[in-house]
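Chain by chain, the residues run as shown.
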Amino acid sequence: PQGQSRVDWRVLLRRYVGECVDKAPSLSRPPRRFPHLTGIVPGSANSPERPKIMAVIDTSGSMTDSMLSEICRELAFLAQDRDVWVVECDAEIQKVYRYRHRITEVAGRGGTSFSPPLERAFLRKQRPDLVIFFTDGEGSAPERPPQVKVVWVLTPDGTPPVPWGRVIRMP
């Protein structure tokens, strides 16, 4: 519609990822606006470890090759200064690997369930700082959110599977 600005989904995702994982409050670093309150008001500092992002790709067949290449470009950007782990999942987890280069083929192409990557034991093993789902949103998901923040990057016609989590739409 005329008069509305549309922000690119990649910009929204990068901004949210930065808010979630790039800065950590620190009482030993002075706050920029209140340097005289060091030790009382926390400043922010980059965390000593690279943040870990778990990118879950819905491999159920709803994700086209062009969408997959868009996702790869964004993962390459995010992986520049963060650890990005890819989880290929349809009704169950198919593959888990560290993102290193282009993803040309994905395993799965069955039904969709968002529960396996969000199971407590799997999250405890992976220890992500943020989970990003690339999906159309059609599938079953847990009713309660996990302890980690979740972003739903939805296809143009996608619908959020649950009321929790941040929603970003691809064009």
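The shown structure was predicted, so the numbers you read here are calculated from the model rather than taken from an experiment.

Peer 1: Would you explain the environment of P117 in this entry?
Peer 2: Examined against the element boundaries, P117 turns out to sit in helix α3 (residues 115–118). Spatially, the C-alpha atoms of P117 and C89 are 7.8 Å apart, while their sequence positions differ by 28 residues. Aside from chain neighbours lying at most four places away, what touches P117 is M54, V56, C89, I93, F122, L123 and F133.

Peer 1: Is there a simple way to explain the nonpolar core in this structure?
Peer 2: Side chains that are nonpolar tend, in soluble globular proteins, to be buried together. Counting residues in hydrophobic clusters, the biggest one holds 28 residues, and the most contacted among them are L13, L75, I103, I132, F134 and V153. The set of elements that each furnish at least two residues to this core consists of α1 (9–22), β3 (52–58), α2 (65–78), β4 (83–89), β6 (130–135) and β7 (149–154). Discounting residues that sit within four places of it in the chain, I132 has contacts with L13, V17, I53, M54, A55, V56, L78, V151 and V153. Ranked by size, the runner-up nonpolar core spans 16 residues in total, among them C89, L123, V148 and V150.

Peer 1: Quick question: what am I supposed to make of α2 here?
Peer 2: Helix length check: α2 (14 residues) gives 20 Å between terminal C-alpha atoms against 20 Å at 1.5 Å per residue, within 8%. Residues of α2 that are buried: M67, L68, S69, I71, C72, E74, L75 and L78.

Peer 1: Any chance you could explain the sheet that holds β3 here in plain terms?
Peer 2: Sheet strands pair by backbone hydrogen bonding; their relative direction is either parallel or antiparallel. The strand order β5-β4-β3-β6-β7-β8 describes an open sheet built from six strands, whose pairing is mixed. Both edges of this open sheet fall to β5 (93–98) and β8 (166–169), since each of them pairs with a single strand only. Pairs of neighbouring strands in the sheet enclose a mean axial angle of 20°, with direction left out of account. Note that β3 and β6 share five bridges and pair parallel. Bridge pairing in β6 places I57 opposite F134.

Thresholds applied
Residues numbered from 1 in each chain as written. Predicted model: local features only at pLDDT ≥ 70, side-chain atom pairs only at ≥ 80, totals over all residues. Heavy atoms only, no water. Helix = DSSP H or I, 4+ residues; strand = E, 2+ residues; numbered from the N terminus. Contact = heavy atoms within 4.5 Å. Core = buried A, V, L, I, M, F, W, Y, C linked by side-chain atoms within 4.5 Å. Buried < 20%, exposed > 50% of the residue type's maximum accessible area, 1.4 Å probe, protein only. Expected span 1.5 Å × (residues − 1). Pairing = 2+ DSSP bridges. Axes fitted to C-alpha atoms, helices over the stretch in contact; angles between N-to-C directions.

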